[in-house]
Amino acid sequence: MSLTLPAGVALPVTASALVLTQQPGNGDNGGQGEDFGKSSPVGFLVLILFLIAVAFLVRSMTKHLKRVPASFDDPPAEAAPDQASADEPAEAPAEPEKKQPNGASPAKSD
């Protein structure tokens, strides 16, 4: 499969390709002067500060990851109560207090 351009398009495409592939002329080297690509002491200091910050972030992340549990699954249910506690009546679990809207405390009735 070959790509051929119509005659009316070939000349502008060829001309623009020649213009775009030219090297910079005299005196204009695209902003790449004598000092282009050289580092300054300020840049080196910024780089060192970034490396120190990354070291502290890695240290902090390691501490936090050590606190994460191995699994987020619910713990297994406790085994059946032993015989001694089976003789005593089981206490019903306490119902959690329902929160009132606006953060008001529930009214107590006497």
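Residues numbered from 1 in each chain as written. Predicted model: local features only at pLDDT ≥ 70, side-chain atom pairs only at ≥ 80, totals over all residues. Heavy atoms only, no water.

1. Examining the overall build of the protein chain
Of regular secondary structure, the protein chain possesses three helices and zero strands. Taking all 110 residues of the protein chain together, 0% fall into the buried category. A total accessible area of about 11400 Å² is found for the protein chain, and carbon and sulfur atoms account for 62% of it. (Helix = DSSP H or I, 4+ residues; strand = E, 2+ residues; numbered from the N terminus. Buried < 20%, exposed > 50% of the residue type's maximum accessible area, 1.4 Å probe, protein only. Areas by Shrake-Rupley, 256 points an atom, 1.4 Å probe, with all protein chains shown as cover.)

2. Focus: a positive patch on the surface
Among the surface-exposed residues, Arg-59, Lys-63, Lys-66 and Arg-67 lie close enough to one another that they form a single positively charged patch. Following the sequence through the fold, Arg-67 ends up in helix H2 (residues 41-67). (Patch = residues over 30% accessible without salt bridge, like charges linked within 9 Å, V, L, I, M, F, W, Y side chains within 5 Å. Salt bridge = Lys/Arg side-chain N within 4 Å of Asp/Glu carboxyl O. Lys, Arg positive; Asp, Glu negative; His and termini not counted. Charge placed at Lys NZ, Arg CZ, Asp CG, Glu CD.)

3. Re the confidence of the model for the protein chain
Averaged over all residues, the pLDDT of the protein chain is 74; the fraction at 70 or higher stands at 58%. Mean pLDDT across the elements of the protein chain ranges from a minimum in helix H3 (residues 83-87), with 54, to a maximum in H2, with 96. (pLDDT = per-residue confidence, 0-100.)

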